[in-house]
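Chain residues, written in single-letter form:
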Amino acid sequence: MRRIKKSQSLIVCPKTKQFTDLIVCAASCGERCSLYRSTITYEVLLNYVEKHPEYKIIGELMQTQKTDTKETKFWIINKDNTVEEVSEKDIMNNPKHYLKKQIWQKPPYRYKLLITLKRIKA
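What counts and what doesn't
Residues numbered from 1 in each chain as written. Predicted model: local features only at pLDDT ≥ 70, side-chain atom pairs only at ≥ 80, totals over all residues. Heavy atoms only, no water. Salt bridge = Lys/Arg side-chain N within 4 Å of Asp/Glu carboxyl O. Helix = DSSP H or I, 4+ residues; strand = E, 2+ residues; numbered from the N terminus. Buried < 20%, exposed > 50% of the residue type's maximum accessible area, 1.4 Å probe, protein only.

### So, the pattern of salt bridges
- On inspection of all chains with the given rule, the structure shows one salt bridge.
- Of the charged contacts, one joins Lys106 and Glu85 as a salt bridge, the two residues approaching to 3.2 Å between their closest N and O atoms. Of the two residues, Lys106 sits in the loop between β6 (102-105) and β7 (109-119) while Glu85 sits in strand β5 (residues 83-87), which places them 21 residues apart along the sequence.

### A short note on the environment of Pro107
- Among the secondary structure elements, Pro107 is positioned in the loop between β6 and β7.
- Under the relative-accessibility criterion, Pro107 is labelled partly exposed at 35%.
- As a C-alpha pair, Pro107 and Thr72 span 35 residues in sequence and 9.7 Å in three-dimensional space.

### Some details on unusual backbone geometry
- The backbone of Asn81 sits at a positive phi, close to 60 degrees, despite the residue not being glycine.
- Along the polypeptide, Asn81 turns up in the loop between β4 (73-77) and β5.

See below:
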């Protein structure tokens, strides 16, 4: 029977069902599953990049969820540059309150920033 040394840098990939090193996952995984998001930290990648200068840390925007499309939401930019989220119905029922304010339609997607590794080409 083979023994596997318990390492903090090994995870079981949900896609391949095999043991994978965190660094290999950070450099080559395309799906960025929930296990990836919970185990890959900036400190782990920074430690690796310090030892291996041929890699660099980059950010990647991943769509997390689509917002509710049943009711259209708008962002109202106030005088003090704060954002207030209101529904279309609120704007239509009380237009006087929103006349001289910037109105932007809320985007349909929410994003999260993930960090990954990229090999630097010489």
